[in-house]
Amino acid sequence: MEIDEMLISKAIVDRFFNKLLNSLNMDVAIVGGGPAGLVAGYYLASAGVNVALYERKLSLGGGMWGGGMMFNEIVVQPSALSILDEFGIMHSEYEKGYHTADSIEAVSTLTSQAAKSGVSIFNCVSAEDVLMRPDKVIGAVLNWSPVEMAGLHIDPLAVRARYLIDATGHATEVVKVVQEKVPGKIGTPSGHVEGEKSMWSDEAETLTLQNTQEVFPGLFVAGMAANATFGGPRMGAIFGGMLLSGKLAAEKILSALNNDTHN
Ligand code: 48F
């Protein structure tokens, strides 16, 4: 049988558009495919929730690939080892309380397991705004990253979601959009993005979990975006907090979805 190029094109277009159409009205939309977003997506999809993840770059994984300063190993503390085990990521103890994993194996496995669990992943897509009604976030406004990079004047498309997660890392892009459009209304002490503080690994890892919460109706923050929103410090190449924050965001949203159903 001769391979027909037209059928290759048709298969790709058909399959992609199905994926896109199934993600126009979701339970959860995640912006950012770093460790926090991937873990949140995995736990949500594993619980049967309809979830899509949008990542600006071609590759998923955010800041995990390069370990610390391109030394491609990461450190994970004991409290997050159960997540590495659940995903099937290899790790070994370096010293008591300090475990390491190969960042390439870690990030590719996180991505693979998130995709296999049922998260619809869209790479090369950037969230540039949110859908708002009038005081609740009800979705994301998306465009192709190459459109953004080329500065082309092309209108975006919107998707609806019952909850949105800002997992955009240090940039905190979704929360910053909300701050710009409805100033002073974010659930931080100042009503604005507090901004990330200088490195303090121990404090940062604890605060990342405390800061993983709904910051505006319909909008949760996870991972480094949670600390940047609430003014927590950065932590460097220790990743337990990112993994635990992704899982906690998923748990909080599952409970919110459950409450919505029963109210
Ligand atoms: O930065 P990133 O890895 O965030 P994270 O999951 O983890 C933080 C750690 O990597 C590290 C750290 C922990 O030790 O401090 O920095 O919180 O992943 C964020 C992803 O979001 C994408 C971005 O390309 C990256 O892959 N992103 C950012 N803004 C947008 C976006 C946007 N507007 N639309 C789509 N993707």
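To start, this report covers the structure provided alongside it. (Residues numbered from 1 in each chain as written. Predicted model: local features only at pLDDT ≥ 70, side-chain atom pairs only at ≥ 80, totals over all residues. Heavy atoms only, no water.)

**What to know about the nonpolar core**
The line we're drawing: Here the nonpolar core consists of buried residues drawn from Ala, Val, Leu, Ile, Met, Phe, Trp, Tyr and Cys, with membership extended through side-chain atoms lying within 4.5 Å. Buried, partly exposed and exposed residues are distinguished by accessible area as a fraction of the type maximum, computed with a 1.4 Å probe on protein chains only: under 20%, between the cut-offs, and over 50%, respectively. Helix and strand definitions here come from DSSP, where helices need a minimum of 4 consecutive H or I residues and strands a minimum of 2 consecutive E residues; each element is numbered from the N-terminal end.
Membership of the largest hydrophobic core comes to 48 residues, with the highest contact counts inside it found for V28, I30, L44 and I165. Elements supplying a minimum of two residues to this core: β1 (25-31), α2 (35-46), β2 (51-55), β3 (73-76), α3 (81-87), α4 (103-117), β9 (157-166) and α9 (240-262). F122, A127, L142 and A161 belong to the second largest nonpolar core, which has 26 residues in total.

**Focus: the layout of surface pockets**
Worth spelling out the cut-off: Residues are called lining when one of their atoms sits within 4 Å of a cavity or pocket point, these points coming from a 1 Å grid over the protein atoms alone, where a cavity is a set in which a 1.4 Å probe fits but cannot get out and a pocket is an open set with protein on both sides within 12 Å along at least five of seven lines. Grid points are joined across faces, edges and corners, and a volume is the space filled by probe spheres set on the points.
Quantified by volume, the largest pocket comes out at close to 720 Å³. In terms of lining, the largest pocket is formed by 35 residues, of which the most central are G62, G63, T168, G169 and H170. Among the secondary structure elements, those contributing two or more residues to the lining of the largest pocket are α2, β2, β7 (125-132) and α6 (173-181). Sort the elements by how many residues they give to the lining of the largest pocket and α2 lands first, with three residues.

**Some details on α6**
Going by this rule: Directions are taken from the helix axis to each C-beta atom, and the arc is the one they span.
Restricting attention to buried positions, one finds in α6 the residues V174, V175, V177 and V178. Seen along its axis, α6 keeps its buried residues to an arc of 155°; they face one direction.

**As for the pattern of salt bridges**
Short version of the rule: Salt bridges, as used here, are contacts in which a Lys or Arg side-chain nitrogen is within 4 Å of a carboxyl oxygen on Asp or Glu.
Within the structure shown, the criterion is met by seven salt bridges. Between R162 and D260 there is a salt bridge, and its shortest N-O distance comes to 3.9 Å. Of the two residues, R162 sits in strand β9 while D260 sits in helix α9, which places them 98 residues apart along the sequence. For R162, a relative accessible area of 36% puts it in the partly exposed group.

**A few points about the site of the ligand**
Test applied: In this text, near means that some heavy atom of the residue lies within 4 Å of the molecule or strand in question. Polar contact criterion, stated in full: a pair of N or O atoms within 3.5 Å, where within protein one must be able to donate a hydrogen and the other to accept it, and residues adjacent in sequence count only if both atoms are side-chain atoms. All accessibility values rest on the Shrake-Rupley procedure with a 1.4 Å probe; residue burial counts only the protein chains present in the view. Occupancy of a cavity or pocket is assigned to a molecule whenever over half of its atoms lie within 2 Å of that pocket's grid points.
As a structural note, the neighbourhood of the ligand is formed by 27 residues, with E55, G63, E173, M224 and G236 the closest of them. Here A127 contributes a backbone N or O atom positioned 3.0 Å from a nitrogen atom of the ligand. The backbone of I238 places a nitrogen or oxygen atom 3.3 Å from an oxygen atom of the ligand. The protein chains hide 92% of the 720 Å² of surface that the ligand would expose on its own. Using a 2 Å cut-off from the grid points, one finds that the ligand occupies the largest pocket. For the shell around the ligand, the elements supplying multiple residues, two or more each, are α2, β2 and β7.

**Observations concerning the packing of aromatic side chains**
A ring pair, where both rings are aromatic, is described by two values, the distance of the centres and the angle of the planes. To be explicit about the condition: Each Phe, Tyr or Trp ring (for Trp, its six-membered ring) is paired with any other whose centre lies within 6.5 Å, and the angle between the two planes then decides the class: stacked below 30 degrees, edge-to-face above 60, tilted in between.
Counted by the stated rule, this structure contains eight aromatic pairs. Consider the rings of Y42 and F87, whose centres lie 4.2 Å apart with planes at 40°: the pair is tilted. With Y42 in helix α2 and F87 in helix α3, this residue pair connects regions lying 45 residues apart in the sequence. Residue F87 is classed as buried on the basis of its relative accessible area, which comes to 2%. Both rings, one in Y43 and one in F87, keep their centres 6.3 Å apart while their planes meet at 75°; by these two values the pair is edge-to-face. In this pair, Y43 is assigned in helix α2 and F87 in helix α3, connecting sequence segments 44 residues apart. Through a chain of ring-to-ring contacts, the aromatic side chains of F16, F17, Y54, F122 and W144 assemble into a single cluster.

**Observations concerning the packing of α2 against α9**
Our working rule: Orientation is described by axes fitted as lines to C-alpha atoms, over the contacting stretch for helices, and by angles from 0 to 180 degrees between their N-to-C directions. Oblique is the label for any angle not under 35 degrees, not over 145, and not in the 65 to 115 range, which are roughly parallel, roughly antiparallel and roughly perpendicular in turn. Left-handed describes a crossing whose near helix is turned anticlockwise from the far helix by less than a right angle; the clockwise case is right-handed. A contact between two residues is defined here by any heavy atoms of the two lying within 4.5 Å. Amino acid classes used here: Ala, Val, Leu, Ile, Met, Phe, Trp, Tyr, Cys and Pro are nonpolar; Asp, Glu, Lys and Arg are charged; the rest, including Gly, are polar.
It is at 7 Å that the axes of α2 and α9 come closest, and there the two elements cross at 40°. Between α2 and α9, the interaxial angle falls into the category oblique. Here α2 and α9 pass one another in a crossing that is right-handed. Side by side, α2 and α9 meet where P35, A36, V39, A40, Y43 and L44 of the first sit next to M242, L243, G246, K247, A250, I253 and L254 of the second. Here the residues of the contact of α2 with α9 sort into eleven nonpolar, one polar and one charged.

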